[in-house]
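Here is what each chain is made of, one letter per residue.
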Amino acid sequence: MTTIFDDLELEDELEEEEEVSVVYDIASYPSDFTLAGIAQMWKDGDIEIPDFQREFVWTIRQSSLLIDSFLCGLPVPPVFFYVDEDNKNLVIDGQQRILSVVYFIEGYFGNESTQGKRQVFRLTGLSDKSSYAGRRFHELEDADQRKLKQSVLRAVNIRQLKPTGEGTSAYHIFERLNTGGTPLKPQEIRNSVFRGQLASKLKEANRDKNWRKILGKPNLDKHQKDVEILLRLFALAGAADKYEKPMKEYLNCAMRRHAAGTGKKVEVFFNVFPKVAALVADALGAKPFNLRGPLNASALDAVMTVLLEQPDALSPEQLRERYATLSLHPEFKELTLLATTDTKTVHGRVKLARKILMG
């Protein structure tokens, strides 16, 4: 089944805010891995490639020239790893080199085709005079196999030392190295660096039919802005009074802290969210938070955060009546228009929504 994507237009773009001012203590140090070691680390799952870097784009000739460089003793640029708290090596830069090595030692180039076949990896594009041209790994002389396996690929390792317990530096490192042709949006990066069941649960909840009605978009957002709004609800529910700007880092911390998708907060939120989405869709209809045209995420987070805290407090009729009052309130209009992720603004609009909705 093909998933259709769309662009979710937001009145208050979540990413348009001040940069994070958190100071990190980062260790950066080199390691020299043998190619046999790299291949084994990949096999054991000790090296991981973020989802947004999944595409392997080198041709067999490019990969062959890399292997030839190792065999000929030519220098090869280092790769960069982010070492997480589980000592997993997340590839920041170098997946083409790493996978070329893995594929050649395995004997097959690239992943399986739709027919379940893989291309045999023979060294291609080398000089006709090269003794390695056209050979597979196991067809090399024993001495050359040993030479290749013992060749060294240098890695620059990056590890966060402080602050402890909040390993969000990975997000900022990937964000600042994200200079490709199609810049990634914040939630795309979060889903890759804060891997776990929370990301899966958010994606599943994002497909809720009533949630799609509230957003006014039946199709998923291709850059996961809708998932980010859902994460915003998750982070604020039951904890809005503890919110501190910037929003980007607040969401990073929530995603990092609950990445495993376990614990009371996760359990309660994903049990209550469908009920609240159904209540809002029933009482307010489609696109109730498009106050001035596009979706206003600030109005959405204030109302739904309050309802998530007290999901059984209002009937559809009560919600409809009280939301009409809230949406016309001059202060609420101001709190959903300017500086919407400022600490006082977030606290103020949730407090006002709680006062008017809950009486």
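In what follows, the structure referred to is the one given above.
Rules of the game
- Residues numbered from 1 in each chain as written.
- Predicted model: local features only at pLDDT ≥ 70, side-chain atom pairs only at ≥ 80, totals over all residues.
- Heavy atoms only, no water.
- Helix = DSSP H or I, 4+ residues; strand = E, 2+ residues; numbered from the N terminus.
- Expected span 1.5 Å × (residues − 1).
- Bend = angle between axes of the 7 residues up to and from the residue.
- Buried < 20%, exposed > 50% of the residue type's maximum accessible area, 1.4 Å probe, protein only.
- Contact = heavy atoms within 4.5 Å.
- Pairing = 2+ DSSP bridges.
- Axes fitted to C-alpha atoms, helices over the stretch in contact; angles between N-to-C directions.
- Arc of directions from axis to C-beta.
- Phe/Tyr/Trp six-rings, centres within 6.5 Å; stacked < 30°, edge-to-face > 60°.
- Core = buried A, V, L, I, M, F, W, Y, C linked by side-chain atoms within 4.5 Å.
- Domains from an automatic or database assignment.
- Salt bridge = Lys/Arg side-chain N within 4 Å of Asp/Glu carboxyl O.

A.B. asks: Where do I start with helix H11 (residues 264-284) in this structure?
C.D. replies: Residue pairs three or four apart in sequence face the same way in an α-helix, which turns once every 3.6 residues. For H11, which comprises 21 residues, the first-to-last C-alpha distance of 29 Å matches the rise-based estimate of 30 Å (1.5 Å per residue) to within 8%. Taken as a whole, H11 carries its principal kink of about 30° at Phe273; the proline Pro274 stands between one and four residues after it. Turning to H11, its buried residues are Val266, Phe269, Phe270, Val272, Phe273, Val276, Ala277, Leu279, Val280, Ala281, Ala283 and Leu284. Contacts from the buried residues of H11 go to helix H7 (197-205), helix H8 (209-215), helix H9 (225-236), helix H12 (297-309) and helix H13 (316-327). The first or second residue beyond H11 is Gly285, which carries a positive phi of 75°.

A.B. asks: Mind showing me how you'd approach the sheet that holds strand E5 (residues 89-93) here?
C.D. replies: Strand pairing in a sheet relies on backbone hydrogen bonds, with the paired strands running either antiparallel or parallel. Strand order in this open sheet of five strands is E2-E8-E4-E5-E3, and the pairing throughout is mixed. In this open sheet, the two edge strands, each paired with only one partner strand, are strand E2 (25-34) and strand E3 (47-48). Strand direction decides the pairing type here: strand E4 (residues 79-83) and E5, joined by four bridges, are antiparallel. Opposite Phe80, over in E5, you have Asp93 as the bridge partner. Across the sheet, helix H3 (residues 95-106) is in contact with E4, E5 and strand E8 (152-162); its angle to E5 comes to roughly 120°.

A.B. asks: Explanation requested: H7 in the structure shown.
C.D. replies: Taken as a whole, H7 has its buried residues at Leu198, Ala199, Leu202 and Ala205. The arc that holds the buried residues of H7, viewed along the axis, is 130°, so those residues lie on one side.

A.B. asks: Sorry, what's going on with the packing of aromatic side chains here?
C.D. replies: A ring pair, where both rings are aromatic, is described by two values, the distance of the centres and the angle of the planes. In the structure shown here, the tally under the stated rule is 14 aromatic pairs. Centroid distance Phe269 to Phe273: 5.8 Å. Interplanar angle 20°. Geometry classified as stacked. Taken together, the residues span about one helical turn, with Phe269 and Phe273 both in helix H11 at a distance of four residues. Taken as a pair, Phe269 and Phe273 share a single burial class, namely buried. Ring pairing ties together the aromatic residues Phe56, Tyr103, Phe104, Phe109, Phe121 and Phe137, which thus form one cluster.

A.B. asks: Please explain the nonpolar core as it appears in this structure.
C.D. replies: Generally speaking, soluble globular proteins have nonpolar side chains that are buried together. Counting 71 residues, the largest nonpolar core has Phe273, Phe289, Leu300, Met304 and Leu319 as the members making the most contacts within it. Looking at this core element by element, the count peaks at twelve residues for H11. Each of two domains, domain 1 (25-162) and domain 2 (183-358), supplies a minimum of three residues to this core. Non-local contacts of Phe289, meaning those with residues more than four positions away in its chain, are made with Ile214, Val280, Leu284, Pro294, Leu295, Asn296, Ala299, Leu300, Val303, Met304 and Tyr323. Phe33, Val91, Ile98 and Phe109 belong to the second-largest nonpolar core, a separate cluster that totals 32 residues.

A.B. asks: So what exactly am I meant to see when it comes to the pattern of salt bridges here?
C.D. replies: Side chains carrying opposite charge are able to pair once their charged atoms draw close together. Under the criterion given, the structure shown has twelve salt bridges. Residue Lys245 pairs with Asp342 through a salt bridge whose shortest N-O separation is 3.3 Å. Of this pair, Lys245 sits in the loop between H9 and helix H10 (247-257) while Asp342 is found in the loop between helix H14 (330-335) and helix H15 (343-358), placing the two residues 97 residues apart along the sequence. Salt bridges linked by common partners bring Arg232, Asp301 and Arg349 together as one network.

A.B. asks: Explain the environment of Glu249 to me, please; I cannot follow it from the model alone.
C.D. replies: Position of Glu249 relative to the elements: it lies in helix H10. Residue Glu249 is classed as buried on the basis of its relative accessible area, which comes to 7%.

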